[in-house]
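For reference, the chains in residue letters:
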Amino acid sequence: MIIRAWLLAVLVFTATGCSDSNNVDRDIDATTTNPDADPDQPMTTVDAASLLLNYVTQNVTSIRVTSSGEGLDTSRILTREQATSFSVPTAATQVEMELLTAEDTQIGVIIFEPAGEEMTLTLPGDGLSPAAVLDLDIVINADVWDDEPRILAGGLGFSGIIGVPGFTGTDAYSEQVVLEAGGTWNTLKGCGDVTPAAGMYTSAQSISTILAAAGPPEILYGGGMPVEFSWPVLYSTVEGSDFLITFNDYSQAYAEVAVATPNYDYNERAVVVLFGQLGNRLLLDDPDVLYPVRIEVVDDGTPMMMVAPDGSLTSAVGLYINAPGSPYHTPGNGPRLTAAKVNVISRLGDEGPPGFDANSPNDGIALYGDEAEYRLRVFTTGGYTPDGVTGLKPSQYDNFFQVQVKTDSGEIVQLENSGTEYVIDGNVIEVIGLAELGPPGQVIDGNDCYAEDRDNQIDIILKGDEATIKKIVGVRVPSQQAVGERTDDGYWQFYNPGGPGNNPFPGTTYSQGSPDHTVPVTIAIDDPQMVTYIDLRSAEQAASVTD
């Protein structure tokens, strides 16, 4: 029931003011990197150059290094350059590198324990088993969606297709048992030399796949329920028993399993997906219909923790949300966007840990190069695909989205087409395409085997004048055409993994498509509103899992 963490050690980008105190040395002369050091005590020289270069944003200009342990409590501030190599007392049991902007705002922390005369700080993961990798805790440049900790959305996504007995691959028997369980099985075309994986045919999951991702207990014919949070979650603290679910018949149950799947990237840490017996597909007037009406985070003795905007850890216990009903029959209860935020584009954190990086790189820079200037990330309430199975493609903005820009006169301009330059109040803006899907190099047009991560984040890649980017006010999902009713130039519905696929099985009830809806956009150009948390001490614990 333990949710497998997809992070690795603990780095925190946060937002806390920095104050002068008697034990803080603000002399950051490059020749004096440890003014408080006792010349007689053993010291460890720390090489942090690679970690800072690859995982710390450039707006970090200085770093407060705090060493603590028995009889030891020192703190000093280094320039970013000094922090590439510095010394700390070997006897320290914990060293924190607090990441500070030029305004003295803390936006992150790296935590480690000194070892030996010299050590190099690197992200762990290579050589560890998949289970050990998923037990690491790493949050890098992850989005903060709100000032307060809360559940943004949560509800039953689909039922019956998680842990299907007999489903082992792409053979005829696997297809039969998936269809009998209430899943779908796509017909594929345009795959070329690609050998289709099972996930290209169906969104159903085998028993072994869920066990590998989440561990016991074994899930049979279960459902899935994504829960979206405003702050990143520390996955090593999450279990199914953290979530108490109340159903429409007033019964209650704990989730059997909680996982991060498929939100593997280091900057995708705000979703927990619950698996178990979470509801059914019966009509709303059926006396046996079952669906969640409330989801609450409870104290199971090992509280679930979230990473606050200042990088500190905050308990999620007590957070709750009222669920919207049945995804099959409650009117309008299809998948939605729950938040959106625009940033200057960055690749930091936009990658999965070792063994979970098959769809990396898939960021805007990897797909569009210098054309990518801004990233408008939308946060979804479920896997957002054209039919529940088929991957969303970078070229499909025109079929699914409209970015909304408000002019000086108050008019709302809809950006309906990618590749079109719009002039608004004398400044330009252009949608380049979609990202945070699949890696470059794939055939896109006509390819039903396009591989993408199918997670809860989609990036709309933009370029243009900053003045116009800051006038973005919303993202609309028009959702006018369902599967089987689509035209090439129409606006299509999105589906979660309970959707019908491109070849729905007669008589099966599938989850609804998305409704027409709009979400406001947070402008995070000047303040990125992102956080990083890496605790490198957890690597040793993860290695013991492998051993």
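Below is a short write-up of the structure. From a predicted model like this one, the values you see are computed outputs, not experimental measurements.

Criteria and cut-off values
Residues numbered from 1 in each chain as written. Predicted model: local features only at pLDDT ≥ 70, side-chain atom pairs only at ≥ 80, totals over all residues. Heavy atoms only, no water. Buried < 20%, exposed > 50% of the residue type's maximum accessible area, 1.4 Å probe, protein only. Helix = DSSP H or I, 4+ residues; strand = E, 2+ residues; numbered from the N terminus. Pairing = 2+ DSSP bridges. Disulfide = S-S within 2.5 Å. Contact = heavy atoms within 4.5 Å. Salt bridge = Lys/Arg side-chain N within 4 Å of Asp/Glu carboxyl O.

A closer look at the pairing of strand β8 (residues 106-112)
- Within β8, 7 of the 7 residues are buried, which leaves the element mostly enclosed by the surrounding structure.
- In this structure, strand β7 (residues 94-101) lies alongside β8, joined through 6 bridges in antiparallel fashion. In the sheet register, Glu98 faces β8, and the bridge partner there is Val109.
- What sits between β7 and β8 in their antiparallel hairpin is a turn of 4 residues, with Asp104 showing a positive phi close to 65°.
- One ladder, built from 4 bridges, connects β8 with strand β34 (residues 530-535); its direction is parallel. Residue pairing across strands places Ile111 opposite Asp535, the latter belonging to β34.

Some points on the state of the cysteines
- Under the counting rule described, the total for this entry stands at 1 disulfide.
- Between the sulfur atoms of Cys191 and its disulfide partner Cys449 the distance amounts to 2.0 Å. Since a negative S-S torsion denotes a left-handed disulfide, the Cys191-Cys449 link at about 70° is right-handed. Of the two residues, Cys191 sits in the loop between α3 (172-180) and α4 (198-201) while Cys449 sits in the loop between β29 (427-435) and β30 (457-464), which places them 258 residues apart along the sequence. Each member of the pair, Cys191 as well as Cys449, is classed as buried.

Things to note about the environment of Gly438
- Mapped onto the fold, Gly438 is located in the loop between β29 and β30.
- Excluding residues within four positions of it along the chain, Gly438 makes contact with Asn359, Pro361, Asn362, Leu367, Tyr450, Ala451 and Glu452.

Comments concerning the pattern of salt bridges
- For the structure shown, the criterion picks out 19 salt bridges.
- Across the pair Lys189 and Asp448 runs a salt bridge whose closest N-O atoms are separated by 3.5 Å. Note that Lys189 is positioned in the loop between α3 and α4 and Asp448 in the loop between β29 and β30, a separation of 259 residues in sequence.
- Asp448 gets classed as buried once you look at its relative accessible area, which sits at 11%.
- Residues participating in the shared-partner salt-bridge network are Asp143, Lys341, Asp350, Arg375, Arg377, Glu436 and Asp459.

Observations concerning the sheet that holds strand β25 (residues 374-380)
- Pairing within the open sheet is mixed, and its 6 strands lie in the order β28-β29-β30-β25-β24-β33. This sheet does not close on itself; its edge strands, each paired only once, are β28 (421-424) and β33 (522-523).

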